[in-house]
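Each chain, written out:
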Amino acid sequence: MDRRDFLADLSRVAALAATVPNVWRVTTRPRFADDPFQLGVASGDPTPTGGVLWTRLAPRPLEPDGGMPGPRTVVSWEVANDDAFKTIAKQGRATAAAELSYSLHINVDGLTPDRWYFYRFTAGGAVSPIGRLRTTPAAGTTSPLRFAVASCQHYEQGLFTAYGHLAKEELDLVTHLGDYIYEYGTYTGRVRQHNALEIRSLDDYRRRYALYKSDPLLRDAHARCPWVVTWDDHEVDNNYAASIGENVMESEEQMQARRAAAYQAWWEHQPVRVPRARSWADLNITRAFDWGSLARFWVLDGRQYRSDQPCEDGNKDVPCGNWADPSRTMLGVRQERWVADGLAASRARWQVLANQVMVAPCDLDPGPGARVAMDQWSGYPAARDRLLASIAAHAPNETVVLTGDIHSHWANNLHAGFARPDRPVVGAEFVTTSIASGGDGNPSPTFDPTTLNPHIKWYADQRGYITCVVEPNAWTAEYRTVPFVTRPDAPIATPAKWRVTRGRPGIERA
Ligand SMILES: [Fe+2]
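Within every chain, residues take consecutive numbers counted from 1 along the sequence as written. Totals for whole chains, interfaces and linings use every residue, but because this is a predicted model, local features are given only for residues with pLDDT of at least 70 and side-chain atom pairs only at 80 or more, for both listing and counting. Hydrogens and water are ignored here; the side-chain numbers use all heavy atoms of the structure.

Engineer: Which residues make up the overall build of the chain, and what are the values?
Structural biologist: Put simply, DSSP marks the helices as runs of H or I at least four residues long and the strands as runs of E at least two long, and each gets a number from the N terminus on. Regarding its fold elements, the chain presents 6 helices and 25 strands. We compute the radius of gyration over the C-alpha atoms and compare it with the globule rule, which gives 2.2 Å times the number of residues raised to the power 0.38. A globule of 510 residues ought to have a C-alpha radius of gyration of about 24 Å, and the chain, at 22 Å, matches this closely. Taken along the three principal axes of its C-alpha coordinates, the chain extends 70 × 55 × 45 Å. Here's how the labels work: a residue is buried when its accessible area is under 20% of the maximum for its type, exposed when over 50%, partly exposed in between, all with a 1.4 Å probe on protein chains only. Per-residue burial over the chain gives 60% buried out of 510 residues. Pairs at least 24 apart in sequence give 71% of the contacts found in the chain among residues at least 6 apart. When the accessible area of the chain is evaluated, it comes to approximately 19,200 Å², of which 50% is carbon and sulfur surface. For this analysis, residues touch if any pair of their heavy atoms sits within 4.5 Å. Per-residue and other accessible areas follow the Shrake-Rupley method at a 1.4 Å probe size, with only the shown protein chains counted as cover for residues.

What follows is the structure in structure tokens.
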């Protein structure tokens, strides 16, 4: 996809901001009402020679503008070889401004491939927590990769205990597949201020991110290693599709405005480079990411470009309505072609799709018919067949799909098509459960999708994440779970490990 380099000078992205107040006022000696680094630090989108460093100045995180005084504020940043910052590898200064909620996205370059660095920010005498950035191996190398997959962290439904365990692992990377925030009104649980309304404005979304990032376990997980982040629906609105919201009373114009606010707030709080965008409502976050020549990640956006869910969404008996219409799309024409062309051209050992909703079908009808989820790829069967045909043609059994969304762990075989059961297996899908959404879960669920769906090999309904160990010829997915999230200090367990051998069809127990 056509992307431009990160714009270090904030004034060059001012066109993306709704207003540009105080452009003439810049302070190098800000006075903060409280610690301005309470939302922590993050690194992301690493390259062989750098990555993005993120922070946001917010001395009063839940107040408008994070409690910042008006002027633009100069912030210094340092990248060091050591956590004492004795040997500085790179340093610089950047300006934080109200129109981007005093967030900073530093595009660091010129570092050495395949090694760890430490970074921090300083402003007005305040010093941020120290974060770690790892550069990726250089092209041509196939050093192993160990990374975690996370999604779905409904703050009011559970503690982020899983992140506490994730941060203790030796990980090179975290991929987050969306539902980083939830847009619902907040009634219960961890939130004291009650707000029954869904969030819609830029200020609402900013405060929601600030609330989530007040969680120390989430902040520590970000500081620990670089993240590669995409979004799903709840960063904007439950089950939205392009400009069509969940609530039929919300017009497409209203949804465009809501998307602009939600996408801007998302970017302000994530360690992601500035992409090319005509407006915030069209923010394009689709991107590829390489771990040497071991793995190429295709970071997908399955929300912004999709056709509306068929048959009024939900779980439906199929066929129904325009369900099978081949013009219906999950990724949009451009993104779909980008994946297909990319899979054909990639020389990496593994192709990895960082994806939102489940690709494998799950038939819920015990009878001869089929009932499937309209919001998942099962609601877009022609688009799914095209994706699976690309995988079968260009990267069979070297493709792994990583999925979130459904608050449960799944291990699935992907066939070249699902219309006929005799099509060969061409890929694996590892679906991660939620960090917190859904509460404690159930160690012995009555629902068992494996009996009706032979390509689904394993299922569990507890909170957690997946740790993937990727080697040139083998990929192991270790499913981590915590037994509860409604009270602190749950231990971590690994109830299952599944493995793919490169070039061999079908996942196996490891
Ligand atoms: Fe979710």
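Engineer: A description of unusual backbone geometry should follow, citing residues and the corresponding values.
Structural biologist: The omega torsion across Val318 and Pro319 is 5°, close enough to zero to call that bond cis. Looking at the secondary structure, you find Pro319 in the loop between strand 15 (315-318) and helix 5 (333-345). Despite not being glycine, Ser101 has its phi angle at roughly 50°, a positive value. Inspection of the secondary structure assignment puts Ser101 in the loop between strand 5 (88-96) and strand 6 (103-108). On the basis of relative accessible area, Ser101 is assigned to the buried category, the value being 0%. In this structure, His407 takes a positive phi of about 60° despite not being glycine.

Engineer: Residues and numbers for the coordination of the iron ion, please.
Structural biologist: The iron ion binds to the protein through Cys152 (SG), Asp179 (OD), Tyr182 (OH) and His407 (NE2), with metal-donor distances spanning 2.1 to 2.6 Å. Atoms are scored as donors when they are N, O or S and lie within 2.8 Å of the metal, with 3.2 Å used for Na, K and Ca; no water is included, so coordination may look incomplete. One chain supplies every donor to the iron ion, and in sequence these donors are spaced C-x26-D-x2-Y-x224-H. Within this pair, whereas Cys152 is found in the loop between strand 10 (145-150) and helix 1 (161-166), its partner Tyr182 is found in the loop between strand 11 (173-176) and helix 2 (202-213), the two being separated by 30 residues in sequence.

Engineer: Tell me what's going on with helix 2, and back it up with residues and numbers.
Structural biologist: Expected helix span is given by 1.5 Å per residue-to-residue step, counting one fewer step than there are residues. In this model, helix 2 (12 residues) spans 17 Å end to end at C-alpha, consistent with the 16 Å of a helix rising 1.5 Å per residue. Those residues of helix 2 that fall on the buried side of the exposure criterion are Tyr205, Arg206, Arg208, Tyr209, Ala210, Leu211, Tyr212 and Lys213. On its buried face, helix 2 is in contact with strand 3 (50-56), helix 3 (216-224) and helix 4 (252-268).

Engineer: I'd like a rundown of the layout of surface pockets, residues and numbers included.
Structural biologist: Two kinds of site are reported from a 1 Å grid over the protein atoms alone, namely cavities, where a 1.4 Å probe fits but cannot get out, and pockets, open sets with protein on both sides within 12 Å along at least five of seven lines, and residues are called lining when an atom falls within 4 Å of a point. Grid points are joined across faces, edges and corners, and a volume is the space filled by probe spheres set on the points. Quantified by volume, the largest pocket comes out at close to 600 Å³. Around the largest pocket, the lining comprises 24 residues; the ones closest to its centre are Pro361, Phe418, Ala419, Arg420 and His455. Sorting the residues of the lining of the largest pocket by element identifies strand 17 (370-373) and helix 6 (381-394) as the ones contributing at least two each. Sorting elements by how many residues they give to the lining of the largest pocket places helix 6 first, with 4 residues. Residue composition of the lining of the largest pocket, by class: 14 nonpolar, 6 polar and 4 charged. Nonpolar residues are Ala, Val, Leu, Ile, Met, Phe, Trp, Tyr, Cys and Pro. Charged residues are Asp, Glu, Lys and Arg, and all others, Gly as well, are polar.

Engineer: Explain helix 6 to me, using residue names and the numbers behind them.
Structural biologist: Compared with the 20 Å implied by 1.5 Å per residue over 14 residues, the 20 Å span of helix 6 between its first and last C-alpha is a close match. For helix 6, the set of buried residues is Pro381, Ala382, Ala383, Arg384, Leu387, Leu388, Ser390 and Ile391. Residues of helix 6 that are buried make contact with helix 5, strand 16 (350-354), strand 18 (399-403), strand 19 (409-415) and strand 20 (425-431).

Engineer: I'd love a proper account of the confidence of the model for the chain, names of residues and values included.
Structural biologist: For every residue, the predictor assigns a confidence score, pLDDT, that lies between 0 and 100. Looking at the chain, the pLDDT average stands at 93 and 93% of residues meet or exceed 70. In the model of the chain, strand 1 (residues 26-27) stands out as the element of lowest mean pLDDT, 89, in contrast to strand 10, which has the highest, 99. Taken together, the stretch residues 1-22 has pLDDT below 50 and engages in 42 contacts with residues farther than four places along the chain or on a different chain.

Engineer: How would you summarise the packing of helix 2 against helix 4 if you had to cite specific residues and measurements?
Structural biologist: The N-to-C vectors of helix 2 and helix 4 enclose an angle of 35°; their axes lie 8 Å apart at closest approach. Two packed elements cross with a definite hand, and for helix 2 against helix 4 that hand is right-handed. Of the residues in helix 4, those in contact with Leu202, Tyr205, Arg206 and Tyr209 of helix 2 are Arg258, Ala261, Ala262, Gln264, Ala265, Trp266 and Glu268. Residues belonging to the contact of helix 2 with helix 4 are distributed by class as follows: 7 nonpolar, 1 polar and 3 charged. Here an axis means a line fitted to C-alpha atoms, over the contact stretch when the element is a helix, while the angle between two N-to-C directions is reported on a 0 to 180 degree scale. The hand of a helix crossing depends on one turn: near helix anticlockwise from the far one by less than a right angle means left-handed, and clockwise means right-handed.

Engineer: Tell me about the state of the cysteines, residues and numbers included.
Structural biologist: To count as a disulfide, a pair of cysteine sulfur atoms needs to be within 2.5 Å. Counted by the stated rule, this structure contains 1 disulfide. Each disulfide pairs two cysteine sulfurs, and for Cys311 the partner residue is Cys320, the sulfurs being separated by 2.0 Å. Disulfide Cys311-Cys320: the torsion about the S-S bond is 100°, which places it as right-handed. Take Cys320: its relative accessible area is 17%, and that puts it in the buried class.

Engineer: Tell me about the side chain of Asp45, residues and numbers included.
Structural biologist: Positionally, Asp45 belongs in strand 2 (residues 41-47). With relative accessibility at 6%, the residue Asp45 sits in the buried group. In terms of polar contacts, Asp45 uses its side chain to reach the side chain of Arg287, at 2.9 Å. N or O atoms closer than or at 3.5 Å make up a polar contact, with two conditions inside protein: a donor-capable atom paired with an acceptor-capable one, and, for residues adjacent in sequence, both atoms drawn from side chains.

Engineer: A description of the nonpolar core should follow, citing residues and the corresponding values.
Structural biologist: Core analysis: the largest hydrophobic core is formed by 43 residues, its most contacted members being Tyr163, Trp227, Trp266 and Leu283. If you list the elements that add at least two residues to this core, you get strand 10, helix 1, helix 2, helix 3, strand 12 (227-229) and helix 4. It is helix 4 that provides the largest number of residues to this core, a total of 7 residues. Sequence-distant contacts of Trp266, that is, excluding residues within four places in its chain, are made with Tyr209, Val229, Thr230, Trp231, Glu235, Val272, Leu283 and Ile285. What makes a nonpolar core is a set of buried Ala, Val, Leu, Ile, Met, Phe, Trp, Tyr and Cys residues whose side-chain atoms join them at distances within 4.5 Å. If you look at the next biggest cluster of nonpolar residues, it comprises 32 residues, including Ala354, Leu402, Trp458 and Ala477.

Engineer: Break down the environment of Val75 for me, with residues and values.
Structural biologist: Along the polypeptide, Val75 turns up in strand 4 (residues 72-80). Val75 sits in the buried class, given a relative accessible area of 1%. Residues contacting Val75, with those up to four places away along its chain left out, are Leu57, Gly92, Arg93, Ala94, Ala96, Leu104, Phe121, Thr122 and Ala123.

Engineer: So, the packing of helix 5 against helix 6: which residues are in play, and what are the values?
Structural biologist: Interaxial distance between helix 5 and helix 6 falls to 9 Å at its minimum, and their mutual angle equals 10°. In this view, helix 5 runs roughly parallel relative to helix 6, as classed from their interaxial angle. Crossing of helix 5 over helix 6 shows right-handed handedness. Contacts between helix 5 and helix 6 involve Glu336, Val339, Ala340, Leu343 and Ala344 on the former and, on the latter, Arg386, Leu387, Ser390, Ile391 and His394. Reported orientations rely on four angle classes, namely roughly parallel under 35 degrees, roughly antiparallel over 145, roughly perpendicular from 65 to 115, and oblique for the rest.

Engineer: A description of the pattern of salt bridges should follow, citing residues and the corresponding values.
Structural biologist: Note on definitions: salt bridges are taken to be side-chain nitrogens of Lys or Arg within 4 Å of carboxyl oxygens of Asp or Glu. Across all of its chains, the model carries 27 salt bridges by this definition. The shortest N-O distance in the salt bridge between Glu198 and Arg258 comes to 2.9 Å. Linking Glu198 in the loop between strand 11 and helix 2 with Arg258 in helix 4, this pair joins segments that are 60 residues apart in sequence. For Glu198, a relative accessible area of 25% translates into the label partly exposed. Here Arg206 makes a salt bridge to Glu268, at a shortest N to O gap of 2.8 Å. Of the two residues, Arg206 sits in helix 2 while Glu268 sits in helix 4, which places them 62 residues apart along the sequence.

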